[in-house]
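A look at the structure
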2 protein chains.
Amino acid sequence: MVTSVSEKLIPVVDLGGSKIIAALVSYNGEIIAEEHVATLAEQGPNAVIDRMLATLKGVISKANLSLSSPAISRLVIASAGAIDKHNGIVTSSPNLPGWQNITLKETVEKEMGREVLLINDASAAAIGEHRFGAGRGVDNLIYVTVSTGIGGGIITDGKLYTGVSGSAGEIGHMCINLNGPHCSCGNIGCLESLASGKAIAREAQRRITQGTKSLILELAEGEIHNINARIVSDAARRGDTLAIELISQVATYLGIGLVNLVNIFNPEMIIIGGGMSQMGEMLLSPARQIVEERAYRLPAEAVQIVPSELGDYSSILGSVAFLQLDEFNSVR
Amino acid sequence: MVTSVSEKLIPVVDLGGSKIIAALVSYNGEIIAEEHVATLAEQGPNAVIDRMLATLKGVISKANLSLSSPAISRLVIASAGAIDKHNGIVTSSPNLPGWQNITLKETVEKEMGREVLLINDASAAAIGEHRFGAGRGVDNLIYVTVSTGIGGGIITDGKLYTGVSGSAGEIGHMCINLNGPHCSCGNIGCLESLASGKAIAREAQRRITQGTKSLILELAEGEIHNINARIVSDAARRGDTLAIELISQVATYLGIGLVNLVNIFNPEMIIIGGGMSQMGEMLLSPARQIVEERAYRLPAEAVQIVPSELGDYSSILGSVAFLQLDEFNSVR
């Protein structure tokens, strides 16, 4: 019996700066099995790739299948960083230390004995939200992930826009403050260096080190290095003044980034995902207000700025849609 | 005898913040007659529209034709500002004072008795360079006009990307310095407020008023208000220290804007046009260097940053190509 393409299960990895999600997903987007582990990016590319593949193998076993089973399709990896689509290489990835020209497609194919499709994580998430989430039926949209870093995916005329090499959408590395901090990408004053999870943790650490009293330190169990965006968010919900101030500042920076996207793309929708988006209206309301105040009126009135519907699963489900598109295009 | 569409002449206006070009152009892009006049934008929309139409009528008469002649096609107007493509309205235009929701298409159609196509001037220029100029055969490109203001046109997959309302490409109104000057568009620290012809003239005036000695003032015949970007450029070519410093500063700002475009779009080409582009390598070399230093390596290596080939005629010739595309799409 031949298993038809649309009955196969798709092994997918979402490789981010802080966490890895591995999943086995059906063609209609149902998640059959999944596992979430910390990336531990500081251990470098080899350790991260090993962890990623072990996790994926674990997920496939969980479903009582093996990689060689005919019920398993090609693999899809949605990775943080600038992807060279023609060669399957992660050329650089500011939140994955040591990732310079990593031949991820080839390495994983050798290790797993299966063909691999490689896509940027935020690009995958844009496809995911367009196909299954907040952007269904919306043909011009920008997906923005606000997480450890800030990434983006661009859908124009219903299709992912990847640029000439495959790295389009690096909106986190748009300078919004030419006198701002140095960013890990090599640029100065990037949106990511001001409005990401990393940035809010860094600012909280700096302010507390300088002597500002805050519930943040207590929630971090007294350890300044435990402070992260989630802790700042929790402190803000409990009314902590510093946390509220920091989130308001980050929301303003995010809003400035969104003004740029609104003026440049005149999109129908901007979808905000990533871990920081769990702050909800605390982050989105002030950002929307900056757009209303500063963007051109016509595109500002045309755009909806909404939270992701798929949350942690935007990139995973987008990877499934990406594989389907690839198959569709290759049989046309 | 019926005149076939491809034998008709196309009346075109390029309406910019400083000058108006009216022309009669053949289908293959040959300019039959043309006239250039100052916009005198400070006189407000009605005066500018009257001047624009009088100039266009003059050009048509020059060719011994009249508007009602069957040899004349529909009109195309390429206007500065954010265009509502669905309604033919210039919704706002920072370098045309008083232009708020000007129903330009309807007004000109009533006055001229001919159907009008309305497009943003930089969008038209992008189409022009793609069809007839530096971007022939390049399917992912950004056209940047650096003139009185800064505008942009985006070609993705060989087609103009206009966004959902028609105003996409306002790259001059991308914030690159959140503590920068207020821009006439209502935003803060826009590329246009730092790297345009207006900006360089303003900075030269400020520095000279503060007492800096410079050839610029002499070339402006001692009148501070005569200073413009062309005079600064002339002074720089003659070795004036202040002029060289100002152009170097503007080139850095432009480079930062280009880094953003390179990271966001991963384009194959960026074409620099507009009056300031006549500064040539004095402007382009330092801007390219900033891109090499600060943009992601992959898209920085993929992009060519080149001067416009069509110069003053990018928008005019692009308008012709735009009309042809419109006809092609309407008969499909």
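Preceding block: the structure.
Residues numbered from 1 in each chain as written. Chains lettered and ligands numbered in written order. Predicted model: local features only at pLDDT ≥ 70, side-chain atom pairs only at ≥ 80, totals over all residues.

Some details on the overall build of chain A
For chain A, the count of helices and strands is 11 helices and 13 strands. Across chain A, contacts joining residues at least 24 apart in sequence account for 63% of those joining residues at least 6 apart. (Helix = DSSP H or I, 4+ residues; strand = E, 2+ residues; numbered from the N terminus. Contact = placed C-beta atoms within 7 Å.)

Regarding the interface of chain B and chain A
Contact with chain B, which involves 41 residues of that partner, is made by 41 residues of chain A. Elements with a contribution of two residues or more to the side of chain B that touches chain A: β5 (82-84), β6 (89-92), α8 (241-265) and α10 (297-302) of chain B. If one sorts the elements of the side of chain B that touches chain A by residue count, α8(B) sits on top with six residues.

A word on the sheet that holds strand β7 (residues 100-102) of chain B
Residue and element names in this part refer to chain B. Read across the open sheet, the three strands follow the order β5-β6-β7; overall the sheet is antiparallel. The strands lining the two open edges of the sheet, one partner per strand, are β5 and β7. The average angle at which neighbouring strand axes cross in this sheet is 25°, direction not considered. Where β5 meets β6, three bridges bridge the pair, whose relative direction is antiparallel. Paired with D84 across the strands is I89, a residue of β6. (Pairing = 2+ DSSP bridges. Axes fitted to C-alpha atoms, helices over the stretch in contact; angles between N-to-C directions.)

Concerning the relation of the copies chain B and chain A
It takes a turn of 180° to lay chain B on chain A, together with a shift of 0.0 Å along the axis; the resulting RMSD is 0.0 Å. Here the two chains are linked by the operation of a two-fold rotation axis. (Least-squares fit on C-alpha atoms with pLDDT ≥ 70 in both.)

Topic: unusual backbone geometry
Despite not being glycine, E221(A) has its phi angle at roughly 55°, a positive value. You can see E221(A) is positioned in the loop between α6 (215-219) and α7 (229-237). For E221(A), a count of 8 C-beta atoms within 10 Å puts it in the exposed group. At D157(B), a position not held by glycine, the phi torsion is positive, near 50°. Among the secondary structure elements, D157(B) is positioned in the loop between β10 (150-156) and β11 (159-160). According to the C-beta neighbour criterion, D157(B) is exposed, with 11 such atoms within 10 Å. (Buried ≥ 20, exposed ≤ 12 C-beta atoms within 10 Å, placed from the backbone.)

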